Protein chains: 2
Amino acid sequence: MASMDLHSLLQDNGSKIILYVWDGLGGIQAGPEGKTELEAARTPNADRLVSEGACGLLEPVSPGVTPGSGPGHLGLFGYDPVEYQIGRGALEAVGVGFDFRHGDVAARLNFCTLDPGGLIKDRRAGRIPTDESRLVVARLAEAVREVDGVEVLWAPVKEHRALLVLRGEGLGDGLEDTDPQKEGVPPLKVRAINDDKANVRAAEIARKVLAKAMKAIAGEKKANGILARGFAKRPHWPSFQERFGLRAAVVAGTPMYRGVARLVGMEAVEATNEIAKDVKSVAAAWDKYDFFFLHYKHTDKAGEDGDFDAKVRYIEEADSGIPALERLGPAVLIVTADHSTPSAMKSHSWHPVPVLLWAKTARRDGLREFNEIACLRGGLGMRPSTHLMPLALAHAGRLAKFGA
Amino acid sequence: MASMDLHSLLQDNGSKIILYVWDGLGGIQAGPEGKTELEAARTPNADRLVSEGACGLLEPVSPGVTPGSGPGHLGLFGYDPVEYQIGRGALEAVGVGFDFRHGDVAARLNFCTLDPGGLIKDRRAGRIPTDESRLVVARLAEAVREVDGVEVLWAPVKEHRALLVLRGEGLGDGLEDTDPQKEGVPPLKVRAINDDKANVRAAEIARKVLAKAMKAIAGEKKANGILARGFAKRPHWPSFQERFGLRAAVVAGTPMYRGVARLVGMEAVEATNEIAKDVKSVAAAWDKYDFFFLHYKHTDKAGEDGDFDAKVRYIEEADSGIPALERLGPAVLIVTADHSTPSAMKSHSWHPVPVLLWAKTARRDGLREFNEIACLRGGLGMRPSTHLMPLALAHAGRLAKFGA
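Given the structure is predicted, the values throughout are model-derived calculations rather than measurements.

> Give me the lowdown on the relation of the copies chain B and chain A, citing residues and values where you can.
With an RMSD of 0.3 Å, the operation that places chain B on chain A is a rotation of 123° combined with a shift of 0.2 Å along the axis. Interpreted geometrically, this transformation is the action of a three-fold axis. No C-alpha of chain B approaches the rotation axis more nearly than that of R377(B), which lies at 3.8 Å.

Dropping the structure here:
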């Protein structure tokens, strides 16, 4: 079918939508009783919303494809993750909560160990701990602040990883990686992927930056070299407000999720990853926004750790946040996930995620509990996650009739 | 949604996938008990896989479209049958198991009866029996072997049908049919569809070939004329290995299915259409391939014959092949069909086909039996058949995460 342009149908009726994401919620059967985590959890509040709303399953990216956190959330936000791809450097900048501006060029760095001849001995610098890595980054930030009029910014990430951002006019991001992907050879020089002036200039700057930087850390025992990957600018995407007419806030205690939400123009309000506090943040910002993306992280973490019982407990904790959200009086309250993280797999997976949509206009489907198996019989069916935003807008009364 | 390129996500973990196709499996209710053939059949092995796996329904081509055997299988192989179309001549060549090479131009022939004035009296030569037709083809193969440096090959098909293949350099396949689609007129001359040099040359060769051929069989009582249709080359498609990173084998006793599988680069191993033997062929080739397409023909034949009871029996026979396949230790075992062939309709149909996918990572959907109606509540939902391969790859652990 041809793609529907919702923009011409948008109408602002002042209604509010809450998208409450239980990260990694979906599971597969495990444990002695052969249940999923969500089947095993007691979720009286979600179950009540289910009985008054409609359920279904969302496929985050496309069949069989396991989404990273970026693509998983973009789908829920109504941005097709295959169409809206983020360069690795940009994702890293966004992920650490860096103030990543249009025109900036970001790269992900790995510290490496070079031998006295300048050849790579260890591509990950012995996976030095984050504390050690921070000191190296601090030295770099001191030593290399500006090159040829371009501002140079550094930020620590986890372990041997760091972020480099070049801020200046007319920089391209068509640059090749300097990581040769093997040891026993020197790091590559930064090269532009083509003759484009902006790319050539950025390559020259990046070469100088990395040369200075490696000189500054030459005395380090482990992290005495740098490999740069995934040079990328902040993408120019239409904002959430432009596309859906919604002033949107993100309430997410983890920088990565705030970052992805900011890429589509959501504004970050205070968040802690403690659900009682984060629900209060939603309440405090209630009058200022139309749409609230509230993120709950712990479910995913427990799944990644392979801890079935912990995931069950965190699901129950997430459920406890619901009544306070209901009391705010949203027109639409959605509970779903960016992807599945079955504790039996200790990783993200491609399995569709359960979704519940509560609204006065829901066509109730007779379900009484919120879990992956019940949702198979839900009124929303199984769909790509990009279908969620149009449904949310409709149930919020924010879409006019199409055609006479 | 934008189309996902799986290629960049492929990873080889050595796991194996079996696609076990019960041809024409899907049915509609018939008989005194008002059951489908699959509902009526006892399938203890498939039912066990169902209880440990996930089920659903696949729509082979598009809603309401009844697939031929080629499109039905291409969808299961992950090749959108609307995008990947095979010319009739090419399909015929493939269908009879001809060694159809890149550059060859094939056409499907119908023998016809011409009156003394050269006008078509019967477009199907009285549907002469295959044995008779074989003799005519043998005479042609004797009389016309080469024209202007182009090798000319002939093969019998069923009844009044035959195959012509031109093998030489620089031949196009943009040629019009010579069948006027009515009687009382002479066969048309072969014409190129445009001025393209390769088409013009091929048209000239084909004209000479058909003129010589008709002279050679002018003395036949019934098959004294030839109508040629659907000139086509072997398509240049990306292979199964290129697209999915799988070394694939086809185990199919019927040439047609081997042929379609070969078009996507599968290698044919021994097959007999006896399930016990064909399962042994899978076992014998186990170490050499990653993917096995095992084809079971008899279910479709019984459906075409309108024989409900026979179809039930053959389904039960197909089911008996499962345990030996399980013992091979596949990561993923799929049972499904290329299309429905309800015995009540005595033909292929458009009805979605049941699918069961067994894997350790399956999210079990609570089903206990394998049939069209149970599958409506299955965890895989109802999908286009092209979704099957991405799901198979995911459950085999062969797809990396998309995005960070």
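> Can you break down the sheet that holds strand 1 (residues 17–22) of chain B residue by residue, with the values?
All names here are of chain B. Ordered in space as 10-9-11-1-12-13-2-14, the eight strands form an open sheet in which the pairing is mixed. Each edge of the open sheet carries a strand with a single partner, namely strand 10 (267–268) and strand 14 (381–384). In this structure, strand 9 (residues 248–251) lies alongside strand 10, joined through two bridges in parallel fashion. Each residue of the ladder has a partner; that of V250, found in strand 10, is A268. In this fold helix 2 (residues 44–52) packs onto strand 1, strand 2 (54–59), strand 12 (332–336) and strand 13 (353–359), with an angle of close to 65° to the strand it touches most, strand 13. Helix-sheet contacts for helix 11 (residues 308–320) involve strand 1 and strand 11 (291–296), and the interaxial angle to strand 1 is about 165°.

> Can you lay out the pairing of strand 13 of chain B for me, pointing to particular residues and giving the numbers?
Residues and elements named next belong to chain B. For strand 13, the buried fraction is high: seven of the seven residues fall into the buried class. Alternating positions in strand 13 separate into two faces, V353, V355, L357 and A359 on one and P354, L356 and W358 on the other, with burial throughout. Relative to strand 13, strand 2 runs antiparallel, the two sharing five bridges. The partner of L58 across the bridge, within strand 13, is V353. Where strand 12 meets strand 13, four bridges bridge the pair, whose relative direction is antiparallel. Looking at strand 13, one finds that V332 is bridged to A359.

> So what about the pattern of salt bridges? Which residues, and what values?
It is possible for side chains of opposite charge to pair when their charged atoms get near one another. Residue and element names in this part refer to chain A. One pass over the structure, following the stated rule, counts 41 salt bridges over all chains. A salt bridge links E37 to K311; its shortest N-O distance comes to 3.8 Å. Residue E37 is found in helix 1 (residues 37–40), and its partner K311 is found in helix 11 (residues 308–320); the two are separated by 274 residues along the sequence. Using a relative accessible area of 0% as the deciding quantity, one classes E37 as buried. By sharing partners, the salt bridges in this structure join D12, R247, D290 and R398 into a single network.

> Talk me through the interface of chain B and chain A; I want residue IDs and the actual numbers.
The interface of chain B with chain A comprises 28 residues on the first partner and 37 residues on the second. Carbon and sulfur atoms make up 64% of the surface buried where chain B meets chain A, a total of about 2,400 Å² over both sides. Connecting chain B to chain A are one salt bridge. Here E59(A) ties to R383(B) by a salt bridge, and the two come within 2.8 Å at their closest N and O atoms. Counting across the interface, chain B meets chain A through nine residue pairs in polar contact (both at pLDDT 80 or more). Taken together, the elements giving at least two residues each to the side of chain B that touches chain A come down to strand 14 and helix 14 (388–395) of chain B. When residues of the side of chain B that touches chain A are assigned to their parent elements, the largest contribution, four residues, is made by helix 14 of chain B. Broken down by class, the residue content of the side of chain B that touches chain A amounts to 13 nonpolar, eight polar and seven charged.

Conventions adopted
Residues numbered from 1 in each chain as written. Chains lettered and ligands numbered in written order. Predicted model: local features only at pLDDT ≥ 70, side-chain atom pairs only at ≥ 80, totals over all residues. Heavy atoms only, no water. Least-squares fit on C-alpha atoms with pLDDT ≥ 70 in both. Pairing = 2+ DSSP bridges. Helix = DSSP H or I, 4+ residues; strand = E, 2+ residues; numbered from the N terminus. Contact = heavy atoms within 4.5 Å. Axes fitted to C-alpha atoms, helices over the stretch in contact; angles between N-to-C directions. Buried < 20%, exposed > 50% of the residue type's maximum accessible area, 1.4 Å probe, protein only. Salt bridge = Lys/Arg side-chain N within 4 Å of Asp/Glu carboxyl O. Buried area = accessible area lost by both parts, 1.4 Å probe. Polar contact = N/O pair within 3.5 Å; in protein donor to acceptor, adjacent residues only side chain to side chain. Nonpolar A, V, L, I, M, F, W, Y, C, P; charged D, E, K, R; others polar.

Nothing here speaks to function; it is geometry throughout.
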